[in-house]
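# Observations on the model geometry
Take a look at the letters that make up each chain.
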Protein chains: 2
Amino acid sequence: MKRAMRMIKNKAGRLVPLYVNGIKQIPFKGVDKYKPKGRKAAPAIPSCVDFPEAENKLVKNLKKALELSGLKDGMTISTHHHLRNGDMVTNYLFDVIHSMGIKNIRWFPSASFPCHEHLIKYLEDGTIHHIEGSLNGPLGKYASTGKMEGTGVLRSHGGRYQAIQDGEVHIDIAIIAAPSADKFGNANGLYGKSACGGLGFALADSIYADKVIIVTDNLVDFPCVPWQISGNNVDYVVVVDSIGDPAKIVSGTTEITKSPDRLLIAEYVAEFMDAARILKDGFSFQAGAGGTSLAFIPFIKEKMKQKNIKARFVRGGSTKYLVEMLEEGLTDYILDGQTFDLEGVRSMRENPKHIMTSPFTSYNFHGKGNFASMVDAVVLGATEVDLNFNANVVTHSDGMLLHGIGGWQNCLYAGCTILAVPSFRDRIPVIVDEVTTLCGPGDLIDAVITERGIAVNPARKDLIKKVKKSSLPLRSIADIQEEVYEICGRPAKPKLDKRKVVAVVKWVDGTLLDSVYKAAE
Amino acid sequence: MKRAMRMIKNKAGRLVPLYVNGIKQIPFKGVDKYKPKGRKAAPAIPSCVDFPEAENKLVKNLKKALELSGLKDGMTISTHHHLRNGDMVTNYLFDVIHSMGIKNIRWFPSASFPCHEHLIKYLEDGTIHHIEGSLNGPLGKYASTGKMEGTGVLRSHGGRYQAIQDGEVHIDIAIIAAPSADKFGNANGLYGKSACGGLGFALADSIYADKVIIVTDNLVDFPCVPWQISGNNVDYVVVVDSIGDPAKIVSGTTEITKSPDRLLIAEYVAEFMDAARILKDGFSFQAGAGGTSLAFIPFIKEKMKQKNIKARFVRGGSTKYLVEMLEEGLTDYILDGQTFDLEGVRSMRENPKHIMTSPFTSYNFHGKGNFASMVDAVVLGATEVDLNFNANVVTHSDGMLLHGIGGWQNCLYAGCTILAVPSFRDRIPVIVDEVTTLCGPGDLIDAVITERGIAVNPARKDLIKKVKKSSLPLRSIADIQEEVYEICGRPAKPKLDKRKVVAVVKWVDGTLLDSVYKAAE
């Protein structure tokens, strides 16, 4: 067994490694306490002299493009996740890399999905050294049990942009799967058999990577418009038969939960936003694509119609429910990071008020502001939350790393951050004494809404004042916890090997917020 | 008098200074011979910690915004030229800077216009040290006569992007006049009383300047869409009564020349493109807003209709003539750097196939290709052209610096570059023995079309082969020159003081192509 890492306690009281994969780290300093020094990453200056045939950057296959890009052992290769669980490019990419005998790649996806289980064999044979990016499902389980050679690094969507922009992660070669592209390299996700919506998660990659390869199954004549990815940043274009499985890229339908408990939570969320006087003409909100988040939309729509108000903007991931709001005139705009269903893709393609955003505009904390901090209210999930409102979104209470952070951390900066969670799952309490992994400091979480009651963060005295006269079931978070403990029993501590850090969680500013430890299989 | 500058002869045989404004220069090495080393400019990393109220970046006035931006003597201040001769922001800006007692500013506009004559007093009193950017009309005359303290630096639109991107010019404060903006700093030029179309020429400024100030007369609710300028790059927003004079920002109408000679040239251009087999389905062209360039459009439209073909794209500066082509289905797209008339603005606002481009996508030579090099044919003007097809676009034959370069140099990379020029102007021959100022190497100029005949560059044997069987009046360039010399007489040499370089002309790669000397008043 390797020697245990040298650890330091950060401002959140969590132990984090001094070095991760050989790179010195900055421990978390507290919310808004760390200010970056220095300058952004500076890509090499290219020249049109090296692109005499820029109008045609086609190369015959991905292997050739990787060779021309100078692929070598130990490089960092990035991919994006807009094709979600239908992605057929990343597995193929690593099949090619493996066939070339290349080792020790740092894979830097914007997110991974269960379909990437295929890559475990490449983690095992040393093709991939480690993954920096979300570790969902099978890959998370693999990493959790200490099998990955390097240490996983978990970042929010905004944190990923920040890390690239700030030069913390240098991408050698970016692979951008594109549902539409021209030979110059302009690309978008709106058209073609593999349409997925926007390609915003690949934006930083396209700007900062040394080499950028577009992989498409739908070559169109120049200009491919809109150019969500600019061909001026692209080196090579590769055409393949298929970049993805359309049924898994976007679901034909996204469905609202039928669980009475979850529906109750959703109703409480809408009631709470009303009581907190957030529902005003011109307000804004963000809700994800989870069943509870979706379920909240019909309730809030009803209230908006009653009050005869409309939102200025809502933020996606978009679904047919948000699209309906736009089309019914209940919001002026959807500002959308990714489209989760076919209606979302159609709307982004057809409706100029359904606007693609990127992690740069929406989430990057090392910018001059971002959209997430301008949203009036956000509804998020969590796997665990503690009595100080600190929350976990990546590990389960058994310590297994099963989820990515997504935009979750970035969204905590909204005017009102609501965690909409069941009080327990599979008889495991959600409100715990200490979160297994800290992903969001309680300072930024304003309310926890469960089917058993609503706990407002005591630090938000203004919010408490607003909602206290409502008929909502307001309780202390300890009170809800106690009730659940009586039902489920006090949860067992996860069995973790604290000598082995399998992954770390970055905060939005690039500092280290927490460590994820090896869990029992 | 100051000591003469140390000069060196470059690959074009022109003498250029070793240092300009104290900065070491690279002499022109030949077309496509210079490759940049090093990395792009790296802006300081900002943080949302410094933007706790990012949703509202309003400050009370421009003076306050300049103070907050840390304005100091000797800084570089940039502006853009989308408001053209109707710009009311730049003069006001320097009134404010002058009132603050600030000196020695390097003014870095994307172009200057006659309306900026107001600034001569600030050149005289030391508020402005020198101008890097086009020197049109009165400012050009001022500089030409040796009165400007520093040396002017003339760059193409692409060269300006390149210089900012490559860190050759560091902008301390960018002032971006915006016909529409929100309090976050998102901005566009499409809406409002001062609508001018796109804001692409301010893109590099917004990305690379230390501080970015939006000045608008039309504040809209967030989100201001489309955000041609991203608020994530903006520090301050200032609201003023008016940023410009609408009648001078865009002309209500752009008119085709009525001169029979110019119309004949325009007709020859269309005929030539036909004979050269450029007019094929899916072809592309760029033509500017000059009278002759506009005049060529009806002729080419007629030919396209006869042949039943359409263009894949045409490139603006757009006018009502290009808009008509788009609306009549004669082109799939307009890819537009700036809109020259009201119809252009309307079309860019309303038609998703009328697309804003920027100097990054269109012109930057230090990118992985650009649009200008993908255009099949471009029609350009010139003040002078020599027997080797070298051309001048900035000075007149008397040596006076009266025009900017615009995208002219960048466009020379088109598949077929046509100079459409009268054989003489005011009895001064256009085809000369030696151009007063070299702006475009003859290697890149394929044909010179005058009312007296068409000269194809002998190096373009392929082109000669294609057109030689046509009925066009093909002649050698020397032959045309001789005829004009017989009419006008051999032109006098300009009276220049070769000891005094008043400005330099950069090539698209940042190297020094030529010097502009002090001229007699």
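Residues numbered from 1 in each chain as written. Chains lettered and ligands numbered in written order. Predicted model: local features only at pLDDT ≥ 70, side-chain atom pairs only at ≥ 80, totals over all residues. Heavy atoms only, no water.

### Side note on a positive patch on the surface
All names here are of chain A. Residues Arg277, Lys280, Lys465, Lys466, Lys468 and Lys469 make up a contiguous surface patch of positive charge. With respect to the secondary-structure elements, Arg277 resides in the loop between helix H8 (260-275) and strand E14 (284-287). Judged by its relative accessible area of 53%, Arg277 falls in the exposed class. (Patch = residues over 30% accessible without salt bridge, like charges linked within 9 Å, V, L, I, M, F, W, Y side chains within 5 Å. Areas by Shrake-Rupley, 256 points an atom, 1.4 Å probe, with all protein chains shown as cover. Salt bridge = Lys/Arg side-chain N within 4 Å of Asp/Glu carboxyl O. Lys, Arg positive; Asp, Glu negative; His and termini not counted. Charge placed at Lys NZ, Arg CZ, Asp CG, Glu CD. Helix = DSSP H or I, 4+ residues; strand = E, 2+ residues; numbered from the N terminus. Buried < 20%, exposed > 50% of the residue type's maximum accessible area, 1.4 Å probe, protein only.)

### Things to note about the relation of the copies chain A and chain B
Mapping chain A onto chain B is achieved by rotating through 180° and translating by 0.0 Å along the same axis, at an RMSD of 0.0 Å. The relationship between the two copies is best expressed as a two-fold rotation axis. For chain A, the smallest separation between a C-alpha atom and the rotation axis is recorded for A:Ala42, amounting to 2.6 Å. Interface overlap between copies is the fraction of interface residues in one copy that are interface residues in the other; for chain A against chain B it reaches 100%, indicating a shared surface. (Least-squares fit on C-alpha atoms with pLDDT ≥ 70 in both. Contact = heavy atoms within 4.5 Å.)

### Remarks on the packing of helix H10 (residues 320-327) of chain B against helix H11 (residues 342-350) of chain B
Residue and element names in this part refer to chain B. Across the interface, H10 lies against H11 with an axial gap of 8 Å and an inter-helix angle of 40°. Judged by the angle between their axes, H10 and H11 are oblique. Residues Lys320, Val323, Leu326 and Glu327 of H10 form the contact with H11, whose own contacting residues are Glu343, Gly344, Arg346 and Ser347. Looking at side-chain class alone, the contact of H10 with H11 contains two nonpolar, two polar and four charged residues. (Axes fitted to C-alpha atoms, helices over the stretch in contact; angles between N-to-C directions. Parallel < 35°, antiparallel > 145°, perpendicular 65-115°, else oblique. Nonpolar A, V, L, I, M, F, W, Y, C, P; charged D, E, K, R; others polar.)

### As for the interface of chain A and chain B
Facing the 59 residues of chain A at the interface are 59 residues of chain B. Buried area between chain A and chain B, summed over both chains or domains, comes out near 5100 Å², and the portion from carbon and sulfur atoms is 66%. Looking at the side of chain A facing chain B, the largest losses of area belong to A:Ile45, A:Asn232 and A:Lys368, adding up to 18% of the total buried there. At the junction of chain A and chain B, the tally comes to six salt bridges. In this structure, A:Asp235 engages B:Lys368 in a salt bridge whose closest nitrogen and oxygen atoms are separated by 2.6 Å. Taken together, the links from chain A to chain B amount to 32 residue pairs in polar contact (both at pLDDT 80 or more). Within the residue set of the side of chain A that touches chain B, elements represented by two or more residues are strand E12 (211-216), strand E15 (311-315), strand E16 (331-336), strand E17 (354-356) and helix H12 (359-362) of chain A. (Buried area = accessible area lost by both parts, 1.4 Å probe. Polar contact = N/O pair within 3.5 Å; in protein donor to acceptor, adjacent residues only side chain to side chain.)

### Examining the environment of A:Glu483
Residues and elements named next belong to chain A. Relative to the helices and strands, Glu483 resides in helix H15 (residues 477-488). Each C-alpha atom of the pair Glu483 and Thr257 lies 24 Å from the other, and the pair is 226 residues apart in sequence. In contact with Glu483, other than residues within four places in its own chain, are Arg452 and Arg475.

### Focus: the domain arrangement of chain A
All names here are of chain A. For chain A, the assigned domains are domain 1 (52-132 + 169-249) and domain 2 (260-498). One C-alpha centre belongs to domain 1, the other to domain 2, and the line joining them spans 32 Å. On the domain 2 side, the residues contacting the 14 residues of domain 1 number twelve residues. When the two sides are added together, the surface that domain 1 and domain 2 hide from each other amounts to roughly 1100 Å², 64% of it contributed by carbon and sulfur. Of all residues in domain 1, Arg84, Leu190 and Phe201 bury the most surface against domain 2, accounting for 41% of the area lost on that side. Summed over the shared surface of domain 1 and domain 2, the result is zero salt bridges. (Domains from an automatic or database assignment.)

### Brief notes about the packing of aromatic side chains
Taken as a whole and judged by the stated rule, the model has 24 aromatic pairs over all chains. Taken together, the ring pairs connect A:Phe184, A:Phe222, A:Trp227, B:Phe313 and B:Phe371 into an aromatic cluster. One Lys or Arg, A:Lys57, reaches over the ring of A:Phe184 and ends 4.2 Å from the middle of that ring. (Phe/Tyr/Trp six-rings, centres within 6.5 Å; stacked < 30°, edge-to-face > 60°. Lys NZ or Arg CZ within 6 Å of the ring centre and 35° of its normal.)

### Quick word on the sheet that holds strand E20 (residues 391-392) of chain B
Pairing between the strands of a sheet is mediated by backbone hydrogen bonds and can be parallel or antiparallel. Read from one edge to the other, the open sheet built from three strands follows the order E20-E19-E24 (chain B), with strand pairing classed as mixed. Bordering the open sheet on either side are E20 and strand E24 (431-432) of chain B, each of which pairs with just one other strand. (Pairing = 2+ DSSP bridges.)

### Some remarks on the packing of helix H9 (residues 291-307) of chain A against helix H10 (residues 320-327) of chain A
To characterise two packed helices, one gives the angle between the axes of the helices and the distance between these axes. All names here are of chain A. At their nearest, the axes of H9 and H10 sit 9 Å apart, and the two run at 20° to each other. In terms of axis orientation, H9 runs roughly parallel to H10. Between H9 and H10 lies a crossing whose hand is left-handed. Contacts from Leu294, Ile297, Lys301 and Met304 of H9 reach H10 at Tyr321, Leu322, Glu324 and Met325. Residue composition of the contact of H9 with H10, by class: six nonpolar, no polar and two charged. (Left-handed = near helix turned anticlockwise from the far one by under 90°.)

### Digging into the sheet that holds strand E27 (residues 496-506) of chain A
Residue and element names in this part refer to chain A. One open sheet accounts for three strands, arranged E8-E27-E28; its pairing is mixed. Of all the strands in the sheet, the pair left with one neighbour each is strand E8 (152-154) and strand E28 (512-519). Put simply, the sheet's adjacent strands are angled 45° from each other on average, direction ignored. Looking at chain direction, E8 and E27 are connected through three bridges and run parallel. The residue of E27 that forms the bridge with Gly152 is Ala503.

### Regarding the pattern of salt bridges
Residue and element names in this part refer to chain A. Taken as a whole and assessed by the stated rule, the structure comprises 66 salt bridges over all chains. Between Arg14 and Glu434 there is a salt bridge, with the nearest N and O atoms lying 3.4 Å from each other. Pair noted here: Arg14 is in the loop between strand E1 (7-9) and strand E2 (15-17) and Glu434 is in the loop between strand E24 (431-432) and strand E25 (447-450), with a separation of 420 residues, a long-range link. Arg14 gets classed as buried once you look at its relative accessible area, which sits at 12%.

### Notes on unusual backbone geometry
Residues and elements named next belong to chain A. Cis geometry is found at the peptide bond from Phe222 to Pro223, where omega equals -5°. One can find Pro223 in the loop between E12 and strand E13 (236-239). Not every positive phi belongs to a glycine, and Phe389 is a case in point at roughly 70°.

### Concerning the side chain of B:Ser156
Residue and element names in this part refer to chain B. Along the chain, Ser156 falls in the loop between strand E8 (152-154) and helix H5 (157-165). For Ser156, a relative accessible area of 1% translates into the label buried. Those residues in contact with Ser156 that sit more than four places away from it in its chain are Ile405, Gly406, Gln409, Asn410 and Val508.

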